[in-house]
Amino acid sequence: MTRLLPRFAFAAALVAAAVAYPASPAGAAVAPPGADTPFTTYEAENALTNGTRVGPSYAFTTLAAEASGRRAVTLRAGQWVEFGLTVRADAINVRYSVPDGSPDAKLRVSTGVDLSLTARYSHVYGNFPYTNNPADGGEHHYFDDAHALLGRAVSAGSRVRLTATAAITIDLADFELAGPPVARPAGFLSAADFGADPSGAADSGAALQAAIDAGKAQGKGVWLPAGNYLVPRHLTVSGVTVRGAGTWHTVLRGAGVGVYGAGTEAVHLAGFAIAGDTVVRDDSTSDSGLGGVMGGGSTVDNVWIEHTKVGMWFDGPSDGLTVSHARIQDTMADGVNLHNGVAHTVIRDTYVRNTGDDGLAMWSDANADHDNQFVHDTVIAPLLANGFAIYGGHDNAVTDSVAADTVTQGGGIHVGNRFGAVPLAGTTTIARNVLLRAGNLVPNPPEEIAALWFYAADAPMTGAIDVHDVSIVDSPFAAVQFFGQRIDNVRLDRVAIIRAGTFALQLQSPGKASLSWVVAAGLGAAGRYDCGSGFVLDRGPGNLGWSTSRCGFPPAGALRLSTDSVDFGNQALHNAKSTTLTIINPGPSPINIRALRAPAGYTATTPCTTIPVGGTCTVTVTFTPDHAGVYADRLMLDTTSPAGPYVVALRGVGFDPDGNLALGQQITSSSQALSWLGPANLVDGDPGTYFESANNAFPQTVTLDLGDIRTVDRIVVKLPSNWGTRTERIAVASGTTPLPNAGSTPLVPAADYTLNPDTGNAVQITFPSTTLRTLTLTFTANDGWPAAQLSELEVYAH
């Protein structure tokens, strides 16, 4: 069993010597930070090899920046890397990269087995949430994993050689003793008796669901014998125990595979793997290895998830789930997300690597997550965002954990009021964690992200934050950061900072924190970054090594753009409108512009190919709509900056006076159920997105501002075409003054309108031709759901 990668041991020991941590009771065993895993990890760059060691690098979109430890080994056909085992093993998992577009390859293992390697699950491009199209530029997400049983047990002290048959980069290898399949527990129903096919030749989804349903009905557990089951669907579980023969022996695989909780009854899942087939992130789909709502007292133990969009996405309200000894790797989004009112949930001894978003996150979207714990977990190389993130909520904790090698847009641990979360309250605890090589340079404010950072984006942060016994080692930029609106009530106690690339503290918000025994050594710039932030440091005893201060970042390769967004407003069809952006290169090196990639409806040009140190460059962006609609997308500036591609948000409306006048116009609502269900969805021209108000809270309103005085005589309201029939009671009023002071003159009295998929889920509401600027819809009933719901609100003059 291991908790830390081999190189972590030295860092942890170094930090422990720098700060006096609380002594444990005499004779008590203290588990080191990180997950207790069944495997031992060996880094390729520390092994014997005749290949080429690459790295270290922290530059986004480079392969080495995504490697564990920021270093790896590249092999040509016939070259090898050889690992000396310190423990007995009979199974191997290799993190590798092969060039995109290359044929599938083999990696020969000296025990006599081959690992099959593919680029299918790696290499993404373009703007978030990314594509599989190399023409979109910005290539990243280089690594994937392959694993197999070795065919025999290999004793400690033996050497295992991996030989390439094509160009391959090896990051690391996990070796473990998987052992034989676990036997069927007494009294369990077997999925084989319901027709599940362990060979994977036939679809076993229906058979497995039948077994699960029978297990619940009979009050018996369900056994998944060893096998590779094809399950291209979600399995629904409630009030049942499902166990497999072990993660190396029982595998559920297929596009869309997942096990989803559906109720308040406890579920117990253990001993199997889930292998999806997700190759690109699609946030309109529910694609998680485990998901839904798990009833109180539910447990998940010894489950391995890979190649899904999200490893585990649990929705609230829910209470009392425990996840332990899980392994999650190679996802396109989060490893674990506790979302929207999850409470008293513990994620323990869980190992997460190579995720496409936060490794482990709590997101208090609309309802507060509270009293949850991430404890003794390890997150390695999240390719976007943070190792651990707490977005709002109250009384949550990240303790005894390790985060390492964050790549872009995030640090090791992050706490923030962001993404529409319920503001932070109670006490958030960050304790006994180790952060290694965490933080990054980003192509947007705040420009540099620290290993441990706090961001008051949506609202000031006033809830207590207690940080103690934390070690921050080799962060490429700052160690601790405060950013955004005011942040108060923070305590840092016994924090060790070793070799931060810039500052111990990066102060970019007003606020106040108390600091005791915060010790720093090996800072690259100064003790503190502070350009008149107004942040107050209440200094207690024991602080050392961060007394100096400066304003400004040392040049690190970040560009400065004159704006990060452009709104062209309404634009007549087939008419062009242009604007100019300015780019500045502060240094320390010249930056090349590789490409400008403009979305549909826009063009971008520049005379520059290289921006010298201290030089500027102009980019001309032109909007020429060819059809009515909202043109909202991003311009990518693909450059050699180590921050990665820069993006500028572009928005314009192709305006047709004889078409839908509501497209892209300003709209507000009295409430919204979730952050992504806001009123802007009503005017985006996309019938698949929708608005939903707070539930069980009628009346609700939406108010649309057409941007000018218009004469209109009808509106059309719609729902997504695949929704079932429902009747909503709606009244319509008009006004002639702009938001936020829109008037309200009754136009159409409240009436019931039935939206039926057989008639396109659309209803037209007509009225005498009226001169107005705003329209307010008031909802007082919905027999399909206790909230106001619409996908589109269209307004017409003819």
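Everything below is about the structure printed above this text.
Residues numbered from 1 in each chain as written. Predicted model: local features only at pLDDT ≥ 70, side-chain atom pairs only at ≥ 80, totals over all residues. Heavy atoms only, no water.

### Description of the nonpolar core
Phase 1 of the analysis: Ranked by internal contacts, the top residues of the largest apolar core, which has 79 residues, are Leu252, Met312, Phe454 and Phe482.
Phase 2 of the analysis: For this core, the element with the highest residue contribution is strand 44 (residues 487–498), accounting for five residues.
Phase 3 of the analysis: Leave out the neighbours within four places in its chain, and phenylalanine 482 touches Phe454, Ile487, Val490, Leu492, Gln506, Leu507, Gln508, Ser509, Ala513 and Phe535.
Phase 4 of the analysis: Grouped together as the second largest cluster of nonpolar side chains are 32 residues, Val748, Leu755, Leu772 and Val795 included. (Core = buried A, V, L, I, M, F, W, Y, C linked by side-chain atoms within 4.5 Å. Buried < 20%, exposed > 50% of the residue type's maximum accessible area, 1.4 Å probe, protein only. Helix = DSSP H or I, 4+ residues; strand = E, 2+ residues; numbered from the N terminus. Contact = heavy atoms within 4.5 Å.)

### Observations concerning the sheet that holds strand 58 (residues 646–655)
Phase 1 of the analysis: Ordered by their spatial adjacency, five strands build an open sheet running 51-58-57-53-55, and the pairing between neighbours is mixed. The outermost strands of the open sheet, each flanked by one partner alone, are strand 51 (565–572) and strand 55 (610–611).
Phase 2 of the analysis: Bridge count between strand 51 and strand 58: seven bridges; the pairing is parallel. Looking across to strand 58, one finds that serine 565 is bridged to alanine 649. (Pairing = 2+ DSSP bridges.)

### So, the pairing of strand 5 (residues 80–84)
Phase 1 of the analysis: Taking burial as the measure, the five residues of strand 5 include four buried ones, the bulk of the element.
Phase 2 of the analysis: The pairing of strand 2 (residues 48–49) with strand 5 spans two bridges and is classified as antiparallel. Its bridge partner lying in strand 5, leucine 48 is registered against glutamate 82.
Phase 3 of the analysis: The pairing of strand 5 with strand 10 (residues 159–164) spans five bridges and is classified as antiparallel. Note that in strand 10 the partner of valine 81 across the bridge is leucine 162.

### Re the environment of serine 401
Phase 1 of the analysis: One can find serine 401 in the loop between strand 34 (397–399) and strand 35 (402–404).
Phase 2 of the analysis: A C-alpha to C-alpha distance of 20 Å links serine 401 and proline 476, two positions 75 residues apart in sequence.
Phase 3 of the analysis: Residues contacting serine 401, with those up to four places away along its chain left out, are Pro33, Gly34, Phe374, Val375, His376, Asp377, Phe388, Arg432, Asn433 and Val434.
Phase 4 of the analysis: Looking at serine 401, its side chain comes within polar contact range of the main-chain nitrogen of aspartate 377, at 3.0 Å.
Phase 5 of the analysis: For serine 401, the side chain forms a polar contact with the main-chain oxygen of threonine 399, separated by 2.8 Å. (Polar contact = N/O pair within 3.5 Å; in protein donor to acceptor, adjacent residues only side chain to side chain.)

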